[in-house]
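Examination of the molecular architecture
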Amino acid sequence: MAMSKSEPMVTESARGSFTRSKTLTDLLPPPPAHLLLLGQETGAVADGLLEQGYTVTAAPLFEPHSFAQLPSATRLGIYQVDLSLPQASSDVFDAVVVLGVSPQIHPLALFDQLAQCTAHEGLVLLVGLDPQGPPARVTRWLEYVVTIGTRCGFIQLELEADADPIDRGTFVRALRKKEAPRWRLGHLRQSDYPETAVLFQEVFGHPLSPELWAWKYANGGGNAVLARRDGVLVAHYGGMYRDVMLCGKPDWVFQICDVMVHPKERGVMTRRGPFLLTAATSAEIYGPLGFGFPNDRHVLLAEKVGLYAEVGQMREVRWEPASPRFRLGTRLRVVARDSAASRVLVESLWAAMAQDLRHDVVGVRDWAFLEHRYFKHPHHQYEVLSVTSRLTGKSLGLIVLRRWETSCELVDVIAPLANLPVLVDQARRLTGLWGLSSLYCWITKNHLPHFLVAEGKELPLNVTIPTSCWTNDPRADVFKDRWWLMSGDTDFR
């Protein structure tokens, strides 16, 4: 398996290499081999292969509206690969030809199925057009597609560089099925929830409900890479899609969550262990921009194998409760969930906050985010309140609070930064009104001064903010000391 970024791809010896030619049959085994032909328009190719004596099973590579990664204004869609093969087809194929390989084809969903239907020593040919238009988000995407194939039990075959391509502007990559790997990688699907819940309980010691799993991963909200050993799920590396403003420009990142390796599994943090296999594969598919909330120990371990680089740290700010008396200058209003006026209010506050943070990196806090993150959370209850001016009635900002047994957490704010002191004051007032001992929040260290001005006291947290550096993408450098993150940006608060 090719695990290190500096290691060359595994290939067969020169004796077993292929020469590129103008026909696929020069690469394929001789007739009457049983071929699987995958693509959206396979008719002409299938007819030509049938005429030469091959047995051909043709199937679409994807359904047009089935996405493993939903497209958005900033995010390219990745089609789900579900090989719905005819019942009359053989269980295994001597060779597979995949037409139309592109950054929009999910490589792990493809290879985890090809590993099941390709014969031992069977050939896989990946054929596609050289990318046109904007570059792929992960710049070395085709190299990573082949690497993911090697992790799924295939090896790359060397094609002689001086031979003619099959067609101008077309690339071909050849792989051969070898021994099944120690850890079999897979793409998360809804049917994997029961196994995921068992592993979650074993690793974290508390259950993962179907509702919480769906909140994170269903309907294109997230994805994960799985690793099984002897048919048992032993590792899971998950993440959710998060829209961000990246120095004033709309973008997206993959927010890491539910990183799990079974406690009895050996080689957890080695270059050939299930953690690196799942984490690296995730970065190669859903990268190059990512972040998460691991503790310091996990960050250090991930840094050693080249996965993460630290770009920030979280701090806790804690306040004493304030007097519960009403305020002369401000008042509180509940933000209604099903209200057009609330939607307009939130969008206006978010626009002002985004403008203040135009030189930083901040997760989008528009109405869609507020609704999903707080109103639709399957388990937690939040107080979503608007702080308004008594004089003008204008909203100064929005606060999201969560009550614990003895304290109150300021989970999130949406406001112009100049209004933070009055927002904190109202949150402290409610803390006193509810009879709780303290108010606290999480905030990235680089934005700590905005909260200390409101009589807050800084406390350390064992939470470091990493960025994904596996793909060596220079864009990851922009995150250094620029994140605005609160506990509302986590998946677990």
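Residues numbered from 1 in each chain as written. Predicted model: local features only at pLDDT ≥ 70, side-chain atom pairs only at ≥ 80, totals over all residues. Heavy atoms only, no water.

**What about the pattern of salt bridges?**
Under the counting rule described, the total for this entry stands at 22 salt bridges. A salt bridge links Glu121 to Arg176; the shortest N-O distance between them is 4.0 Å. On the criterion of sequence distance, the pair formed by Glu121 in strand β6 (residues 118-129) and Arg176 in strand β8 (residues 170-177) is long-range, its members being 55 residues apart. Its relative accessible area of 16% is what places Arg176 among the buried residues. A salt bridge links Arg229 to Glu265; the nearest nitrogen and oxygen atoms lie 3.0 Å apart. Separated by 36 residues along the polypeptide, Arg229 in strand β10 (residues 222-229) and Glu265 in the loop between β12 (249-261) and α6 (274-286) bring together distant segments of the chain. (Salt bridge = Lys/Arg side-chain N within 4 Å of Asp/Glu carboxyl O. Helix = DSSP H or I, 4+ residues; strand = E, 2+ residues; numbered from the N terminus. Buried < 20%, exposed > 50% of the residue type's maximum accessible area, 1.4 Å probe, protein only.)

**Some words on helix α2 (residues 107-117)**
The α-helix winds at 3.6 residues per turn, so residues separated by three or four positions along the chain end up facing the same way. With 10 of its 11 residues buried, α2 lies for the most part within the structure. Within α2, burial applies to Pro107, Leu108, Ala109, Leu110, Phe111, Asp112, Gln113, Leu114, Ala115 and Cys117.

**Comments concerning the packing of helix α3 (residues 141-151) against α6**
Viewed as axis vectors pointing N to C, α3 and α6 meet at an angle of 155°, and their least axial separation amounts to 10 Å. By the angle between their directions, the pair α3 and α6 is classed as roughly antiparallel. Here α3 and α6 pass one another in a crossing that is left-handed. Residues Tyr144, Thr147, Ile148 and Arg151 of α3 form the contact with α6, whose own contacting residues are Leu277, Ala280, Thr281, Glu284 and Ile285. (Axes fitted to C-alpha atoms, helices over the stretch in contact; angles between N-to-C directions. Parallel < 35°, antiparallel > 145°, perpendicular 65-115°, else oblique. Left-handed = near helix turned anticlockwise from the far one by under 90°. Contact = heavy atoms within 4.5 Å.)

**Brief notes about the state of the cysteines**
By definition, a disulfide links two cysteine residues through a covalent bond between their sulfur atoms. One pass over the structure, following the stated rule, counts 0 disulfides. Here Cys469 stays free of any disulfide, with the sulfur of Cys247 as its closest cysteine sulfur at 19 Å. (Disulfide = S-S within 2.5 Å.)

**Focus: the packing of aromatic side chains**
Aromatic ring pairs: the centre-centre distance and the angle between the two ring planes describe each pair. Under the counting rule described, the total for this entry stands at 22 aromatic pairs. When the centroid spacing of 5.5 Å and the interplanar angle of 65° are considered together, the rings of Tyr241 and Trp252 count as edge-to-face. Note that Tyr241 is positioned in strand β11 (residues 232-246) and Trp252 in strand β12, a separation of 11 residues in sequence. Judged by relative accessible area, which is 12%, Tyr241 ranks as buried. Classification of Trp252 by relative accessible area gives buried; the value is 1%. Grouped by ring-pair contacts, the aromatic residues Phe291, Phe293, Trp442, Phe479, Trp483 and Phe492 constitute a single cluster. The residue whose ring lies beneath Arg75 is Tyr241, and the NZ or CZ to ring-centre distance is 4.6 Å. One residue, Arg493, lies across the ring of Trp442, its end atom 4.9 Å from the ring centre. (Phe/Tyr/Trp six-rings, centres within 6.5 Å; stacked < 30°, edge-to-face > 60°. Lys NZ or Arg CZ within 6 Å of the ring centre and 35° of its normal.)

**Quick look at the confidence of the model for the protein**
Detailed reading of the predicted coordinates is not advisable wherever pLDDT is low. Of all residues in the protein, 91% have pLDDT values of 70 or greater, and the mean over the chain is 90. Predicted confidence for residues 1-22 stays below pLDDT 50, and this span has 66 contacts to residues more than four positions away or in other chains. (pLDDT = per-residue confidence, 0-100.)

**Concerning the sheet that holds strand β1 (residues 34-38)**
Pairing is mixed across the open sheet formed by 6 strands, whose spatial order is β2-β1-β5-β6-β8-β7. The open sheet terminates on both sides in strands that have one partner only, identified here as β2 (55-59) and β7 (154-157). Between one strand axis and the next, the sheet turns through 20° on average, direction left out of account. The pairing of β7 with β8 spans 4 bridges and is antiparallel. Residue Leu157 lies in a different strand from β8, and its bridge partner there is Ala174. Across the face of the sheet, α3 comes into contact with β6, β7 and β8 while running at roughly 15° to β8. (Pairing = 2+ DSSP bridges.)

**Considerations on the side chain of Arg75**
Along the polypeptide, Arg75 turns up in the loop between β3 (67-69) and β4 (78-79). At 3.1 Å, the side chain of Arg75 forms a polar contact with the backbone oxygen of Leu70. In contact with Arg75, not counting residues within four places along its chain, are Gln69, Leu70, Tyr241, Asp243 and Trp252. (Polar contact = N/O pair within 3.5 Å; in protein donor to acceptor, adjacent residues only side chain to side chain.)

**Structural notes on unusual backbone geometry**
Pro31 connects to Pro32 through a cis peptide bond whose omega is 10°. Positionally, Pro32 belongs in the segment before β1. Look at the link from Gly287 to Pro288: it is a cis peptide, with omega at 5°. Note on placement: Pro288 falls in the loop between α6 and β13 (290-291). Positive phi is not limited to glycine here, since Asp230 has a value of about 55°.

**Topic: the environment of Val225**
By the element assignment, Val225 lies in strand β10. You can call Val225 buried: its relative accessible area is 1%. A C-alpha to C-alpha distance of 49 Å links Val225 and Gly393, two positions 168 residues apart in sequence. Contact partners of Val225, with chain neighbours within four places excluded, come to Leu108, Leu185, Gly186, Ala235, His236, Tyr237, Thr278, Thr281, Ser282 and Tyr286.

**Thoughts on the nonpolar core**
One finds Leu38, Val98, Leu114, Leu126 and Leu307 to be the most contacted residues of the largest nonpolar core, which totals 58 residues. In terms of residue count, α6 provides more of this core than any other element does, 8 residues in total. (Core = buried A, V, L, I, M, F, W, Y, C linked by side-chain atoms within 4.5 Å.)

**Overview of empty space enclosed by the protein**
For the structure shown, the criterion picks out 1 cavity of 30 Å³ or more. In this model, the largest cavity occupies a volume close to 30 Å³. Along the walls of the largest cavity sit Val101, Ser102, Ile105, His106, Pro107, Leu110, Trp141 and Val145, which together make up its complete lining. Looking at the lining of the largest cavity residue by residue, the class counts come to 6 nonpolar, 2 polar and no charged. (1 Å grid on protein atoms, 1.4 Å probe; cavity = no way out; pocket = protein on both sides within 12 Å on 5 of 7 lines; lining within 4 Å. Points joined across faces, edges and corners; volume = space filled by probe spheres on them. Nonpolar A, V, L, I, M, F, W, Y, C, P; charged D, E, K, R; others polar.)

**Brief notes about the side chain of Arg315**
Positionally, Arg315 belongs in strand β14 (residues 308-319). The class of Arg315 is buried, set by a relative accessible area of 12%. For Arg315, the side chain forms a polar contact with the side chain of Gln313, separated by 3.0 Å. With residues near it in sequence (within four places) discarded, Arg315 still touches Cys441, Trp442, Ile443, Lys445, Leu448, Glu458, Leu459, Pro460 and Leu461.

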